[in-house]
Amino acid sequence: MTTAVEAAERSLLWSHDVLGLAAVADSAGAVRLGAAGQDWNTLLPLVEVTVTGHGRTWSGERFIDTAVGGRLAHRSHETVRDGDGQRTTFRLADPVTGLGAVITLRTRPGAGFLRSQVRLVNEGGAPLRLESVSSLALGGIGDAVGALDGLTLHWADNDWLAECRWRHSPFRDHIVSLNRPAHGHEGRGCFERYSQGSWSTGRHLPMAGLTDRAGRAWLWQIESSAGWRYETGEREGAAYVALFGPDDAHHQWHRTLAPGEEFTTVPAVLVAARAGGLDAAFGELTAYRRRIRRVHPDHTALPVIYNDYMNTLMGDPTTDKLLPLVEAAGAAGAEVFVVDAGWYDDDGQGWWDAVGAWDASGRRFPGGIQRVLDAIRSHGMTPGLWLEPEVVGVRSPLARTLPPEAFFRRGGVRVSEHGRHHLDLRHPAARAHLDRVVDRLVDDWGVGYLKLDYNVNIGPGTENGAESAGAGLLGHHRAHLDWLGSLLDRHPGLVLENCASGGLRMDYAQLAVVQLQSTSDQQDPLRCPPIAAASATAATPEQAAVWACPQPDFGPDEIAFALTGALTARVQLSGFLDRMSPEQFDLVRSAVSVHKALRAEIPRGLPFWPLGLPAWEDTWIASGLRGRAATWLALWRRAPAADAGAGAARPRERYGADDGTRAVPLSHLRGVPLRPTVLHPAASDATLAWDAAAGRLTVTLPRPGTAVLLHLAAEPPAGGDER
């Protein structure tokens, strides 16, 4: 417990009223960050640094309590205007090693976010080997008697075909009470999540959060495609959070700084809401994401995309197969047509391990691919192509003609994974090759959209000389971001979609540069709703590309169900639209029209989840978008056997008993005399009942396997179906 004398010897250096955070220095110059007004011992040093030979003061699984972090002493700090925001810079130094630290905190007055990045400089006379460096560390959350018992921890598991699976449990389920006074020490463990290899979200999203019983919420996000880790735990009766990029223990990252050399961490951000729980915090995070990303016209234009891959051509495009799809997509209202995987040169052994040159296949496109690209333009759409730029197939001639240093190597051996080598974009030959490819596709072929895929996890990275594999991966990652930016500098109208077998590299290092994110490769429409509904946790709604794959063998309910999830995000149509009956096609065209009527609101809207973030097995799923004048609500009722998919038998009770009626709380609309309207599907037997006093909408969907998009406002939109 801090005494009055000790408290008087400490000074407030910086504070953030909205977040309730403060940076405080003691008389020795140590600076700690955390909840304002909390005990000094609950706070964390501004940066935690593990240096070989200077480890931690308390050994365990935690990367806090580092010797260097505790010794870093205040030199100076300043706060200056940074556009419409502000930037606070702290300069610290370790008197033992000579390591200097520059911590930069960015925020905006009145906003609920704090973005942090750390630059370390070796100002001493001997090399220093870094093993971990925090981007943001803070403590003092919930510092009150019994407060930790009321905290809930939220995190997101991620996998191929099963992205954005949010989970929650009491904080005390993971961080148990150890009776700190009885032992005189903190615990040694923590709750942690981290990435593995080059798929930054192959296991988990690089974000998590805490909520308390009062409705307060804290969310954090690490912006890295090259390794990240977060931890949370207990420190002196309060919760702490520490956010890291790659480290030695988890990512084979270490970095030796010779005298005068420096290293900068990946960015990390904390957002908080004093009320409203996770929905309010995700609103703050959405606003922050919009603020940091590169400005691009696609963020407001939101053209409808048709892509030939999902449940359609599946990597086997030809001129004859594409032309009918092009005509149908244009008639349905698509504005971009993407020819996905398989358009390039191949042979009798296929294209997977032969990619790299990115020339069109003469066998697939007799007379050239321009016939297809011209057809796309003639139907009023922008041509798009799939590309996997970072890989070269092991059978590609480029695997022999590019210099060995242009590829990932470990132990002096070129790395190969699933039939591919990996380019290191720090090498000028690798970058020049890809520049020539993209410039040809854009300037000569007239392509305006590139889907950039990434289908291998190349492991911990590359060893270029004496560097560690993790340092090599971080170096490539930063070169990759720079390359993406250079493409947009040369081709400002080009639209880039980020994809990694769906959502396996879904982080805001990438999404601050590119325009869209592929959210999944899931092909079963009955498994898509929880992914579509939660996609706005990982990307802003206008960046979240959601598949909408109606098929000619679908009935009306199935077509509506397949389309619903994309209508308040980015519509990514697929399916054999050319084989549909006129009635089926009209359902698709009607859904696209609904999306176009509301899409101007998407870049300003904030997501929310009135039934909570969806679980993978939920029968009822709801996701909403709050606009300035209206609210849109997507609602799915999955069948009890919805998880069966592809004919697999599952017990009907898997989803529980369901009478077809669900009450949906909409607290932000309490007291508003709404007139709920069904926007999609055009014909629906859903019934809606609004209780303004309770702020509750009761929805009946008589049949399982159905979905609706609702418009909630005082007046229905023109042409809407009021119930």
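All residue numbers refer to positions counted from 1 along the written sequence of the respective chain. Thresholds applied to this predicted model are a pLDDT of at least 70 for local features of residues and 80 or more for the giving and counting of side-chain atom pairs; totals over whole chains, interfaces and linings are not thresholded and use all residues. To obtain the side-chain values, all non-hydrogen atoms of the structure were used and water was disregarded.

## Some points on the overall build of the protein
Item 1. The helix and strand inventory of the protein stands at 16 helices and 42 strands.
Item 2. Using C-alpha atoms as the atom set, the radius of gyration is obtained and then compared with a globule rule of 2.2 Å times the number of residues to the power 0.38. Relative to the compact-globule value of 27 Å for 723 residues, the protein shows a C-alpha radius of gyration of 26 Å, a close match.
Item 3. With the principal axes as the frame, the protein shows a C-alpha extent of 80 × 70 × 50 Å.
Item 4. Should any heavy atoms of two residues lie within 4.5 Å, those residues are considered in contact. For the protein, restricting intrachain contacts to residue pairs at least 6 apart in sequence, the fraction spanning at least 24 positions comes to 68%.
Item 5. The Shrake-Rupley method, run with a 1.4 Å probe sphere, supplies the accessible areas, and residue values consider only the shown protein chains as cover. Within the structure as shown, the protein displays about 25,700 Å² of accessible surface, and the carbon and sulfur contribution to it stands at 51%.
Item 6. Charged side chains in the protein number 71 positive and 83 negative. The centres of these two groups are separated by 2 Å. Helix and strand assignments come from DSSP, with helices taken as H or I runs of at least 4 residues and strands as E runs of at least 2, each series counted from the N terminus. Charge counting follows a simple rule: Lys and Arg are positive, Asp and Glu are negative, and His as well as the terminal groups are ignored. Each charge is placed at NZ for Lys, CZ for Arg, CG for Asp and CD for Glu.

## Considering the packing of helix H15 (residues 556-564) against helix H16 (residues 582-598)
Item 1. Fitted lines through C-alpha atoms serve as axes, helices being fitted only where they are in contact, and the angles separating the N-to-C directions of these axes extend from 0 to 180 degrees. Look at H15 against H16: their axes get within 10 Å of each other, and the N-to-C directions meet at 25°. Considering their axes alone, H15 and H16 lie roughly parallel with respect to each other. Both H15 and H16 take part in a crossing whose hand is right-handed. Side by side, H15 and H16 meet where Pro-556, Ile-559 and Leu-563 of the first sit next to Gln-584, Leu-587, Val-588 and Ala-591 of the second. Reported orientations rely on four angle classes, namely roughly parallel under 35 degrees, roughly antiparallel over 145, roughly perpendicular from 65 to 115, and oblique for the rest. Two helices that cross are described as forming a left-handed crossing if the nearer one is turned anticlockwise from the farther one by less than a right angle, and a right-handed crossing if clockwise.

## Notes on the confidence of the model for the protein
Item 1. On average, residues of the protein carry a pLDDT of 95, and 96% of them reach 70 or more.
Item 2. Confidence of the prediction at every residue is given by pLDDT, a number between 0 and 100. Low pLDDT, under 50, characterises residues 641-655; the stretch is placed with 24 contacts to residues that sit more than four places away or in other chains.

## Details of the pattern of salt bridges
Item 1. In the sections that follow, a salt bridge refers to a side-chain nitrogen of Lys or Arg positioned within 4 Å of a carboxyl oxygen of Asp or Glu. Scanning all chains against the criterion turns up 46 salt bridges.
Item 2. A salt bridge links Arg-119 to Glu-262, with the shortest nitrogen-to-oxygen separation between them at 3.3 Å. Note that Arg-119 is positioned in strand E9 (residues 113-122) and Glu-262 in strand E19 (residues 262-264), a separation of 143 residues in sequence.
Item 3. With a relative accessible area of 30%, Arg-119 lands in the partly exposed category.
Item 4. According to the relative accessible area criterion, Glu-262 is partly exposed, its value standing at 39%.
Item 5. Of the charged contacts in the structure, one is a salt bridge between Arg-589 and Asp-586, with a shortest N-O distance of 2.5 Å. Taken together, the residues span about one helical turn, with Arg-589 and Asp-586 both in helix H16 at a distance of three residues. Under the scheme applied here, a residue whose accessible area is under 20% of the maximum for its type counts as buried, over 50% as exposed, and between as partly exposed, the area being computed with a 1.4 Å probe on protein chains only.

## A look at the pairing of strand E17 (residues 238-244)
Item 1. Of all seven residues making up E17, seven are buried, and the element is well covered by its neighbours.
Item 2. Side chains Ala-238, Tyr-240, Ala-242 and Phe-244 project from E17 onto one buried face, and the interleaved Ala-239, Val-241 and Leu-243 project onto a second face that is buried too.
Item 3. Whether two strands pair comes down to DSSP finding at least two bridges between them. Bridging between strand E10 (residues 128-141) and E17 involves five bridges; their strand directions are antiparallel. Pairing of Leu-136 across the sheet is with Leu-243, part of E17.
Item 4. Where strand E16 (residues 229-235) and E17 come together, seven bridges link them in antiparallel fashion. The partner of Glu-231 across the bridge, within E17, is Ala-242.

## Overview of the sheet that holds strand E24 (residues 391-393)
Item 1. If you walk across this open sheet you meet the three strands as E24-E28-E27, and the pairing is antiparallel. On the outer flanks of this sheet lie E24 and strand E27 (416-417), each paired with one strand and no other.
Item 2. Across two bridges, the pairing between E27 and strand E28 (residues 420-422) is antiparallel. If you follow Ser-416 over to E28, its bridge partner there is His-421.

## A closer look at the environment of Leu-136
Item 1. Position of Leu-136 relative to the elements: it lies in strand E10.
Item 2. Taking relative accessible area as the criterion, Leu-136 reaches 2% and is therefore assigned buried.
Item 3. In this structure, the C-alpha to C-alpha distance between Leu-136 and Thr-104, residues 32 residues apart in sequence, is 9.9 Å.
Item 4. If we skip the residues at most four places from it in the chain, Leu-136 touches Leu-33, Leu-114, Ser-116, Val-241, Ala-242, Leu-243, Ala-268, Val-269 and Leu-270.

## Digging into the side chain of Arg-235
Item 1. Position of Arg-235 among the secondary structure elements: in strand E16.
Item 2. Dropping the residues within four chain positions of it, Arg-235 is found in contact with Arg-32, Asn-41, Thr-42, Leu-43, Leu-44, Ile-64, Asp-65, Glu-186 and Tyr-240.

## Some remarks on the pairing of strand E30 (residues 495-498)
Item 1. Side chains Val-495 and Glu-497 of E30 all project onto a buried face; the interleaved residues Leu-496 and Asn-498 project onto the opposite face, where all are buried too.
Item 2. For strand E29 (residues 449-452) and E30, the ladder comprises four bridges, and the chain directions are parallel. Among the inter-strand pairings, Lys-451 is bridged to a residue of E30, identified as Glu-497.
Item 3. By convention, a crossover is right-handed whenever its connection, traced from the first strand over the helix to the second and viewed with the strands pointing away, goes clockwise. Each parallel crossover has a hand, and the one from E29 via helix H13 (residues 469-490) to E30 is right-handed.

## Considerations on the environment of His-204
Item 1. Position of His-204 relative to the elements: it lies in strand E14 (residues 204-211).
Item 2. With ten residues separating them in the primary sequence, His-204 and Tyr-194 have C-alpha atoms 7.2 Å apart.
Item 3. For the purposes of these results, a polar contact is taken to be a pair of N or O atoms within 3.5 Å, where, inside protein, one atom must be able to donate a hydrogen and its partner to accept one; residues adjacent in sequence count only when each atom of the pair is a side-chain atom. Within polar-contact distance, the side chain of His-204 engages the side chain of Asp-157 at 3.0 Å.

## Quick notes on the sheet that holds strand E31 (residues 516-518)
Item 1. Around the barrel, eight strands lie side by side as E21-E22-E23-E29-E30-E31-E32-E33; this closed barrel has parallel pairing. Each strand of the sheet is rotated relative to its neighbour by a mean of 30°, with strand direction disregarded.
Item 2. The pairing of strand E22 (residues 336-339) with strand E23 (residues 382-387) spans four bridges and is parallel. Looking at E23, one finds that Val-336 is bridged to Thr-382.

## So, the environment of Met-506
Item 1. With respect to the helices and strands, Met-506 occurs in the loop between E30 and E31.
Item 2. Distance in space between the C-alpha atoms of Met-506 and Ile-621 is 22 Å, their sequence separation being 115 residues.
Item 3. Setting aside residues no more than four positions away along its own chain, Met-506 makes contact with Asn-158, Glu-163, Cys-164, Ser-200, Thr-201, Leu-205, Pro-206, Gln-517, Ser-518, Thr-519 and Ala-538.

## Re unusual backbone geometry
Item 1. A cis amide bond links His-680 to the next residue, Pro-681, at an omega of 0°.
Item 2. Here Pro-681 is to be found in the loop between strand E38 (677-680) and strand E39 (687-691).
Item 3. Phi is positive for Glu-236, which is not a glycine, with a value near 55°.

## Points about the packing of aromatic side chains
Item 1. Centre distance within 6.5 Å is the pairing criterion for rings of Phe, Tyr and Trp, where only the six-membered ring of Trp is used; planes under 30 degrees apart are then read as stacked, over 60 as edge-to-face, and the remainder as tilted. Throughout the structure, instances matching the rule amount to 18 aromatic pairs.
Item 2. Taken together, a centroid distance of 5.9 Å and an interplanar angle of 10° make the contact between Trp-228 and Tyr-230 stacked.
Item 3. Both rings, one in Tyr-306 and one in Phe-337, keep their centres 5.0 Å apart while their planes meet at 20°; by these two values the pair is stacked. In this pair, Tyr-306 sits in strand E21 (residues 305-307) while Phe-337 sits in strand E22, placing the two residues 31 residues apart along the sequence.
Item 4. Take Tyr-306: its relative accessible area is 0%, and that puts it in the buried class.
Item 5. Grouped by ring-pair contacts, the aromatic residues Trp-343, Tyr-344, Trp-351, Trp-352, Trp-358, Trp-386 and Trp-445 constitute a single cluster.
Item 6. Cation over ring: Arg-229 sits above Phe-63, and NZ or CZ is 4.1 Å from the ring centre. We call a charge positioned over a ring when the NZ of a Lys or the CZ of an Arg lies within 6 Å of the ring centre and within 35 degrees of the ring normal.

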